[in-house]
Amino acid sequence: MNLRKKLIAGNWKMNKTPADGAALVAELVATVGKLTDVDIVVCPPFVALESVGRALEGSTVKLGAQNLHPEASGAFTGEISAPMLRALFTTHVILGHSERRSLFGETDAFINLKVLAAMKNQLRPIFCVGESLAEREAGATLKVVQTQLEAGLEGVSKEQAAGLIVAYEPVWAIGTGKVATTDQAQEVHAFIRGLLTNLFTEPVAQRIRILYGGSMKPANAPELLAQKDIDGGLIGGASLEARSFVELVKAAVAAK
Ligand code: 13P
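First things first, this report covers the structure right here in the doc. As the structure is a prediction and not an experimental result, all values here were calculated from the model.

## So, the sheet that holds strand 7 (residues 209-213)
Then, number 1: Strands sit in the order 1-2-3-4-5-6-7-8 around a closed barrel of eight strands; the barrel is parallel. Averaged over all adjacent pairs, the angle separating strand axes in this sheet is 25 degrees, with direction ignored.
Then, number 2: Both strand 6 (residues 165-168) and strand 7 contribute to a ladder of four bridges, which runs parallel. If you follow I165 over to strand 7, its bridge partner there is R209.
Then, number 3: Its contacts with the sheet place helix 9 (residues 182-200) against strand 5 (124-129), strand 6 and strand 7, and it is angled at close to 150 degrees to strand 7.

## Quick word on the site of the ligand
Then, number 1: Inspection of the region around the ligand gives N11, K13, H97, E169, A173, I174, G175, G214, S215, L234, G236 and G237 as its neighbouring residues.
Then, number 2: Here N11 contributes a side-chain N or O atom positioned 3.0 Å from an oxygen atom of the ligand.
Then, number 3: Burial of the ligand by the protein amounts to 96% of the accessible area it has alone, namely 300 Å².
Then, number 4: The class makeup of the residues in the shell around the ligand is three nonpolar, seven polar and two charged.

## Some words on the packing of helix 7 (residues 141-152) against helix 9
Then, number 1: Orientation of helix 7 relative to helix 9, taken along the N-to-C sense of each, is 40 degrees, at an axis distance of 11 Å. Here helix 7 is positioned oblique relative to helix 9, judged by the angle of their axes. Both helix 7 and helix 9 take part in a crossing whose hand is right-handed. Contacts between helix 7 and helix 9 pair T141, L142, V145, Q146, L149 and E150 from the former with E187, V188, F191, I192, L195, L196 and L199 from the latter.

## Some thoughts on the nonpolar core
Then, number 1: Core analysis: the largest hydrophobic core is formed by 65 residues, its most contacted members being I192 and L196.
Then, number 2: Look past the residues within four positions of L196 in its chain and what remains in contact with it is L149, L153, L164, V166, T201, A205, I208 and I210.

## Regarding unusual backbone geometry
Then, number 1: With a phi angle near 55 degrees, K13 is a residue other than glycine that sits in the positive phi range.
Then, number 2: Within the secondary structure, K13 sits in the loop between strand 1 (7-11) and helix 1 (18-32).
Then, number 3: On the accessibility criterion, K13 (22% relative accessible area) is partly exposed.
Then, number 4: In the Ramachandran plot, Q122 falls in the positive-phi region, its phi being about 55 degrees despite a non-glycine side chain.

## Section: the pattern of salt bridges
Then, number 1: Under the criterion given, the structure shown has 12 salt bridges.
Then, number 2: The partner of E50 in a salt bridge is R54, and the shortest N-O contact between them spans 3.6 Å. Here R54 and E50 lie together in helix 2 (residues 49-55), a separation of four residues that amounts to about one turn.
Then, number 3: For E50, a relative accessible area of 47% corresponds to the partly exposed category.
Then, number 4: The salt bridge partner of R193 is D229, with a shortest N-O separation of 2.8 Å. Taken together, the residues R193 in helix 9 and D229 in the loop between helix 11 (221-225) and strand 8 (232-235) connect sequence positions 36 residues apart.
Then, number 5: R193 sits in the buried class, given a relative accessible area of 4%.

## Examining the pairing of strand 4 (residues 92-95)
Then, number 1: Alternating positions in strand 4 separate into two faces, H92 and I94 on one and V93 and L95 on the other, with burial throughout.
Then, number 2: Note: strand 3 (residues 62-65) against strand 4, two bridges, orientation parallel. Each bridged residue has a counterpart across the sheet, and for G64 the counterpart in strand 4 is H92.
Then, number 3: One crossover worth recording links strand 3 to the parallel strand 4 by way of helix 3 (residues 82-87), and it is right-handed.
Then, number 4: Summarising the sheet, strand 4 and strand 5 pair through four bridges and their orientation is parallel. Bridge pairing in strand 5 links V93 to P125.

The rules behind each value
- Residues numbered from 1 in each chain as written.
- Predicted model: local features only at pLDDT ≥ 70, side-chain atom pairs only at ≥ 80, totals over all residues.
- Heavy atoms only, no water.
- Pairing = 2+ DSSP bridges.
- Helix = DSSP H or I, 4+ residues; strand = E, 2+ residues; numbered from the N terminus.
- Axes fitted to C-alpha atoms, helices over the stretch in contact; angles between N-to-C directions.
- Contact = heavy atoms within 4.5 Å.
- Near = heavy atom within 4 Å.
- Polar contact = N/O pair within 3.5 Å; in protein donor to acceptor, adjacent residues only side chain to side chain.
- Areas by Shrake-Rupley, 256 points an atom, 1.4 Å probe, with all protein chains shown as cover.
- Nonpolar A, V, L, I, M, F, W, Y, C, P; charged D, E, K, R; others polar.
- Parallel < 35°, antiparallel > 145°, perpendicular 65-115°, else oblique.
- Left-handed = near helix turned anticlockwise from the far one by under 90°.
- Core = buried A, V, L, I, M, F, W, Y, C linked by side-chain atoms within 4.5 Å.
- Buried < 20%, exposed > 50% of the residue type's maximum accessible area, 1.4 Å probe, protein only.
- Salt bridge = Lys/Arg side-chain N within 4 Å of Asp/Glu carboxyl O.
- Right-handed = clockwise from strand over helix to strand, strands pointing away.

Listed below in structure tokens is the structure:
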């Protein structure tokens, strides 16, 4: 029996106004808003959380943010805290995305503080790890993933880990149309499951969803989602249109 319900999460990145986001979610709610056998999360930009949250009220679709600051409040111009996200009924938060790491200089140590802050505030982290093309070509993929995972999850308890979601996103596959092969993805997912087992014990690791992210589309999703340790997807481009996102959700339903 599979202990893990599949999860399809949309990372809208810096796309959609509050009105556009609400309109997209209204379409999702109308088509897949009552599903219970697959989890769905949408992660709009901060300014659209409120309108999107309102549009998904009464549905099973959950609301996620794309980042947070580890402190609850204070002099951090331009930042948003976990309690602020909770006040808008956000339940999930993407942390450690490669764009935050590479474009905004986020270190493993800083990401770790964010993960701990999310956990403390009952937000489920969608914690991202993944290697660059240069790292893959140098044969360093597993080492890089291990370092990011262990450093990012330092101090997370076994009890807290039960609420964790991990996303493996090979940087070279993000927004490039170049998807990892199922073997490449499954190898890293299984490796991550092993690391989670060492950190949190086997029963906990067996319950943690590990999503794949990087050019996942309706055409390649069924094969990826059929892999033993691929428990869903973190979707960028294909989450911006209702039709492709719904198709991905249906692929997850079919793969469950
Ligand atoms: P794409 O699906 O656009 O490749 O983006 C993946 C991603 O970065 C999701 O977080």
